[in-house]
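# Architecture and fold: a report
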Number of protein chains: 2
Amino acid sequence: MPFKAFLLDGAVRAFRRRPSFSKLVLVFAASGGGLVAYADARTDQAAESCQVPPKKKVVVLGTGWAGTTFVRNIDGSLYDVQIISPRNYFAFTPLLPSVTCGTVESRSITEPIRRIISKKGGEIKFWEAECFKIDPDHKKIHCRTNIATNLDGNGEFCVDYDYLVIAVGARANTFNTPGVVEHCNFLKEVEDAQKIRRSVIDCFERAILPDLDEEEKKRLLHFVIVGGGPTGVEFSAELHDFVAEDLSRLYPTVRDLVSITVIEHGGQILTMFDKRISKFAEEKFQRDGIELKTGCKVVKVADKTITMEDALHEKSSVPYGVAVWSAGIGPHPIILDFMKNIGQGNGRAVSTDEWLRVNECDGVFAIGDCATISQRKVMEDILEIFEFADKDNSGTLTVQEIKDAVEDIYIRYPQVELYLKSKHMKDIIHLVAASKGDAEKEAVEITIEEFKNVLANVDSQVKNLPATAQVAAQQGNYLAQCFNRMKECEEKPEDISISGDLHLWVEDKQLQNSQEIGSL
Amino acid sequence: MPFKAFLLDGAVRAFRRRPSFSKLVLVFAASGGGLVAYADARTDQAAESCQVPPKKKVVVLGTGWAGTTFVRNIDGSLYDVQIISPRNYFAFTPLLPSVTCGTVESRSITEPIRRIISKKGGEIKFWEAECFKIDPDHKKIHCRTNIATNLDGNGEFCVDYDYLVIAVGARANTFNTPGVVEHCNFLKEVEDAQKIRRSVIDCFERAILPDLDEEEKKRLLHFVIVGGGPTGVEFSAELHDFVAEDLSRLYPTVRDLVSITVIEHGGQILTMFDKRISKFAEEKFQRDGIELKTGCKVVKVADKTITMEDALHEKSSVPYGVAVWSAGIGPHPIILDFMKNIGQGNGRAVSTDEWLRVNECDGVFAIGDCATISQRKVMEDILEIFEFADKDNSGTLTVQEIKDAVEDIYIRYPQVELYLKSKHMKDIIHLVAASKGDAEKEAVEITIEEFKNVLANVDSQVKNLPATAQVAAQQGNYLAQCFNRMKECEEKPEDISISGDLHLWVEDKQLQNSQEIGSL
């Protein structure tokens with residue numbers, strides 16, 4: 001089931017079953033912030049009749065997949081939306097490896113943010129600047145223009161927000177390997193791709209110069225890719241085609257000196273995909289003459305050599321002309337600061353709940369590569385799940401009781417469905433049956449201990465979503481839909497169907513945090 | 001008459017009338033270098049029968065209009081051609097102003113040199129490197145790779161030549177105005193155009209930021225162009241269209257704060273063209289709201305202001321966002337060094353004769369913006385012209401004698417035709433008639449003094465060719481044709497028709513210098 005469908009489906013289902021939190025909020029969480037204040041304001045204004053309330057300020061940081069998709073989908077007439085990013089265009093990043101070799105022109109994979117927002121009617125604002133500090137206590141964003149500027153002062157300014165959507169993405173992770181920043185190319189931005197293209201051609205131009213010995217030519221024409229993920233593999237393949245089809249025709253005298261090496265720390269490339277895909281790629285590499293060094297960790301990059309360590313900790317060095325580092329991603333400094341500030345100091349990305357909210361801050365959301373969803377564990381909530389399902393408070397669950405609760409369990413704990421799928425089972429009842437032996441199914445009653453045993457292994461299926469364009473775009477879209485409906489529901493509360501049972505799932509603390517999206 | 005046609009025509013005519021210099025050379029100029037050595041070699045080889053002589057090395061410096069057109073047209077099978085340039089592509093520079101505004105994509109106006117030479121069969125070599133020293137005494141070119149390189153050593157190498165074609169172009173001339181290099185954009189290269197585009201958009205992005213006062217916004221959106229030549233004027237017009245059509249839609253809140261100013265030292269813009277064109281452009285500027293400051297000289301550029309001085313030496317400063325300097329061109333440092341080395345220290349470009357040869361060095365040619373043709377003056381050669389025309393050595397010229405010599409005079413001294421044209425006269429006879437009054441024409445005889453009076457003012461029409469793409473391309477093409485035919489004529493000397501009279505035009509010294517092309 002695709003992530004987007006799941007989240008949206010989950011939200012809609014949760015929304016249908018959930019009581020109107022805009023009412024609950026007034027009971028449970030008068031100090032809740034954002035929406036409460038708004039609800040109050042709305043009441044006051046209703047009393048003052050037709051005065052138009054000021055729009056809530058939604059600030060979006062970043063113009064990557066997550067931020068741009070959010071902006072594309074949010075209803076600009078409902079909110080005062082401001083986008084802040086040092087990059088005034090959106091880039092279709094999956095095609096970056098093709099830009100490195102000129103297969104696709106960089107212009108073709110970029111779209112100006114201002115064109116995107118002008119298509120939406122121009123209500124949305126964009127500031128080309130870099131956020132250098134998020135202040136969730138005062139709901140402020142500190143920015144500076146990212147260009148060497150001759151603005152008066154230091155080019156810094158400050159923006160208030162009611163809701164903040166952090167979508168700044170990630171940066172290449174060097175794992176503190178010495179020399180990587182100085183000597184390697186990355187492949188995150190359009191500029192990176194253009195630089196790689198220039199570097200590759202420069203190497204050919206240099207290798208063809210007179211008075212150069214064979215060894216030096218070979219070094220210049222040795223292209224090394226560190227990291228066998230999708231980016232690294234796709235770039236290697238593009239580079240091979242570029243060399244074979246274009247460059248060998250333009251530089252015929254050095255065509256036989258070219259070599260391409262992919263260095264991968266793990267045991268195989270493309271580990272995140274099906275084994276068959278890895279195998280296919282590895283075989284293709286072999287046919288194309290791309291050398292693959294798996295189980296090797298790069299420990300140092302110098303100006304002309306890359307040093308790596310194999311599984312037996314044996315070190316070896318290879319000379320190279322151009323090195324591309326695509327070994328993984330890590331958080332931007334501003335995200336590290338922010339996480340430290342809100343007590344998430346140990347993470348590798350901002351942790352959110354399943355509604356993409358940063359629990360520690362009011363009105364702050366995080367999406368895309370800079371965020372990770374902390375998936376709720378079944379075993380941590382097992383008692384509440386049991387009590388929720390045990391409608392008659394008998395202390396045991398009947399098969400019927402389990403069946404009634406199954407849908408809600410699936411929404412809240414997607415790992416349960418994944419686990420069942422991995423076991424080729426259709427629903428929890430089969431798990432119960434498997435655990436209770438061949439006992440007559442309908443008559444079975446299980447205790448809390450038995451219930452625990454049945455679900456003991458489902459949490460093994462808890463996985464982080466991959467840091468891909470797809471996930472970021474789906475999160476951006478989902479969040480925008482939530483924002484659009486949040487407003488709708490406030491305006492037409494009668495549309496909200498109240499079903500009282502879901503609140504059992506939610507502890508008071510969670511309820512407070514839920515208030516913005518909860519009101520859906 | 002277009003320059004190209006004139007020169008080619010001239011060469012062909014000169015060629016037909018000239019004696020076979022490959023013979024003359026052995027008589028007059030045994031120490032002449034290049035061709036002499038070659039002619040000797042050919043004789044030796046003829047004796048040794050069928051050994052193939054090594055091809056002569058032609059080194060071309062530069063890949064602009066002149067160099068590329070030369071390479072496109074030279075017959076690569078006749079010579080060992082090597083091109084050296086820090087830029088491995090040819091750029092269609094007249095479209096640069098359009099690239100600054102995105103009307104044309106930079107990719108569309110560039111063509112890789114390697115593609116050009118691979119189309120020609122791949123015999124021509126290209127080295128991506130910068131020539132930093134020309135050594136005409138040893139016929140060597142010293143080069144270094146222009147990219148920050150991790151080549152062993154310093155990336156320097158040396159190339160020998162038999163013939164050297166200098167076509168390195170020119171660079172922007174700042175006239176030593178303080179602050180220009182630091183704060184102004186130029187418009188010579190594709191990168192310059194891309195940078196201007198980014199700078200203009202950056203100014204809009206900055207001007208639209210919150211918390212900026214009106215004055216600062218106006219400053220950021222004030223675009224100043226220094227120099228009212230074709231480049232500056234075309235850029236101003238493109239920028240105006242870009243602002244009016246695209247940017248004002250994307251940045252509607254600041255559209256009314258934009259201003260464009262063109263500062264021109266002279267009394268009007270586009271001085272090199274017809275007055276009507278200047279007038280049309282000035283009126284168009286007025287309609288478009290582009291401010292034109294003629295008679296103003298920029299004396300200083302600071303980071304936010306440009307200071308200029310008007311005709312009355314009154315200084316004034318204007319704040320600006322982006323400044324583009326297109327006030328003129330000057331020689332590259334390597335050309336300055338070379339000129340000093342060969343005793344042309346005072347010039348602004350390498351001076352050549354009308355055959356594009358650098359007289360001071362053997363086998364060296366200079367074409368395009370880095371060169372200028374020293375046009376022969378009529379008044380300096382008046383005695384020889386008179387003697388040449390005076391077939392019967394009578395000490396006076398009859399109208400018929402003048403008529404007979406007219407064609408050769410036109411070839412050698414194009415200013416004569418220009419002068420006649422400026423006086424709306426058809427040929428020299430009219431000049432004579434005008435000078436001698438209504439005397440019976442055929443019977444008129446004029447003395448040397450009268451002849452001097454007749455031609456006294458023609459040298460006022462001596463003009464340098466403009467530094468345009470057209471001139472550079474025509475020179476490159478012409479020189480390539482000469483090279484191609486030089487080889488042909490050596491191989492088939494019987495095709496050369498000998499007509500003895502032209503040598504009267506040529507002094508011994510000039511003859512020596514003529515030897516390469518002279519053999520045509």
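As recorded in an unreviewed UniProt entry, chain A goes by the name NADH:ubiquinone reductase (non-electrogenic), listed as coming from Canna indica. Note on chain A: under the UniProt heading Subcellular location (unreviewed entry), the record states "Mitochondrion inner membrane".

In this section: the UniProt feature "domain: EF-hand" (unreviewed entry) in chain A. Residues annotated by UniProt as "domain: EF-hand" (unreviewed entry) correspond here to residues 377-412 of chain A. Taken end to end, residues 377-412 of chain A is 61% helix and 6% strand, and its first and last C-alpha atoms sit 9 Å apart.

Before going further, it helps to spend a moment on the interface of chain B and chain A. On the chain A side, the residues contacting the 35 residues of chain B number 35 residues. Interface area, chain B with chain A, both sides summed: about 3300 Å², of which 51% is carbon and sulfur. At the junction of chain B and chain A, the tally comes to four salt bridges. A salt bridge links Arg114(A) to Glu205(B); the nearest nitrogen and oxygen atoms lie 2.6 Å apart.

For the rest of this paragraph, the subject is the nonpolar core. One finds Ile141(A), Phe204(B) and Phe223(B) to be the most contacted residues of the largest nonpolar core, which totals 69 residues. A total of eight residues in this core trace back to one element, the largest contributor, which is helix 8 (residues 190-207) of chain B. Leave out the neighbours within four places in its chain, and Ile141(A) touches Val59(A), Leu61(A), Ile84(A), Cys131(A), Lys133(A), Ile134(A), Phe157(A), Cys158(A), Val159(A), Tyr161(A) and Leu164(A). Of all hydrophobic cores here, the second largest spans 68 residues; its members include Ala193(A), Leu220(A), Val243(A) and Val364(B).

This structure, assessed with the given rule, holds 38 salt bridges over all chains. Measuring nitrogen to oxygen at the nearest pair gives 3.0 Å for the salt bridge that ties Asp362(A) to Lys139(A). Placement of Asp362(A) in the loop between strand 19 (350-352) and strand 20 (364-366) and of Lys139(A) in the loop between strand 6 (130-135) and strand 7 (140-144) is noted, with a sequence separation of 223 residues between them. Taking the relative accessible area as the measure of exposure, Asp362(A) reaches 26% and is therefore partly exposed. According to the relative accessible area criterion, Lys139(A) is buried, its value standing at 17%. Where Arg87(B) meets Glu189(B), a salt bridge forms, and the shortest distance between an N and an O atom there is 2.8 Å. Linking Arg87(B) in the loop between strand 2 (79-85) and strand 3 (89-91) with Glu189(B) in the loop between helix 7 (180-183) and helix 8, this pair joins segments that are 102 residues apart in sequence.

It is worth spelling out the environment of Val60(A) at this point. Residue and element names in this part refer to chain A. Here Val60 shows up in strand 1 (residues 56-61). C-alpha separation for the pair Val60 and Ile385, spaced 325 residues apart in sequence, amounts to 36 Å. Not counting residues up to four positions away in its chain, the partners in contact with Val60 are Gly67, Phe70, Val71, Val81, Gln82, Ile83, Ile84 and Val165.

Overlaying chain B with chain A gives an RMSD of 0.2 Å, the required rotation being 180° about an axis along which the chain moves by 0.0 Å. What we have between these two chains is a two-fold relation. When the interface residues of chain B are mapped onto chain A, 100% of them again lie at the interface, so the same face is used by both copies.

Let's shift gears to the packing of helix 13 (residues 382-389) of chain A against helix 14 (residues 399-412) of chain A. Residues and elements named next belong to chain A. Their axes nearest at 9 Å, the elements helix 13 and helix 14 cross at an angle of 125°. Relative to helix 14, the element helix 13 lies oblique. The interaxial crossing formed by helix 13 with helix 14 has right-handed handedness. Taking contact as the criterion, the partners of Ile385, Phe388 and Ala389 in helix 13 are, on helix 14, Glu401, Ala405, Asp408 and Ile409. Of the residues that constitute the contact of helix 13 with helix 14, the class distribution is five nonpolar, no polar and two charged.

Calculation rules
All residue numbers refer to positions counted from 1 along the written sequence of the respective chain. Labels follow written order: the first chain is A, the first ligand is 1, and so on. Local features in this predicted model are restricted to residues whose pLDDT is 70 or higher, and side-chain atom pairs enter the listing and the counts only when it is 80 or higher, whereas totals over whole chains, interfaces and linings include all residues. Values shown for side chains rest on all heavy atoms present in the structure; no hydrogens or waters enter the calculation. UniProt positions are given in the numbering used here, feature names are shortened, and annotations may be inferred rather than shown by experiment. For the purposes of this entry, the term helix denotes a DSSP run of H or I that reaches at least four residues, the term strand denotes a run of E that reaches at least two, and both are numbered from the N terminus. Residue contacts follow a heavy-atom distance rule, with two residues in contact if any of their heavy atoms lie within 4.5 Å. Here the quantity called buried area is the accessible surface, traced with a 1.4 Å probe, that two parts lose on coming together, added over both. Definition used for salt bridges: Asp or Glu carboxyl oxygen within 4 Å of a side-chain nitrogen of Lys or Arg. Side-chain atoms within 4.5 Å link the members of a nonpolar core, which is a set of buried Ala, Val, Leu, Ile, Met, Phe, Trp, Tyr and Cys residues. Summary of the burial criterion: residues with accessible area below 20% of their type's maximum are buried, those above 50% are exposed, and those between are partly exposed, where the area comes from a 1.4 Å probe applied to protein chains only. Least-squares superposition aligns the copies on the C-alpha atoms of those residues with pLDDT at or above 70 in both. Note on definitions: angles span 0 to 180 degrees between N-to-C directions of axes, and those axes are lines fitted to C-alpha atoms, for helices only across the stretch in contact. Any angle that is under 35 degrees is reported as roughly parallel, and any over 145 degrees as roughly antiparallel; angles of 65 to 115 degrees are reported as roughly perpendicular and all others as oblique. Crossing handedness is defined as follows: a turn of the near helix away from the far one that is anticlockwise and smaller than a right angle gives a left-handed crossing, while the clockwise case is right-handed. Gly is placed with the polar residues, together with every amino acid not listed as nonpolar (Ala, Val, Leu, Ile, Met, Phe, Trp, Tyr, Cys and Pro) or charged (Asp, Glu, Lys and Arg).

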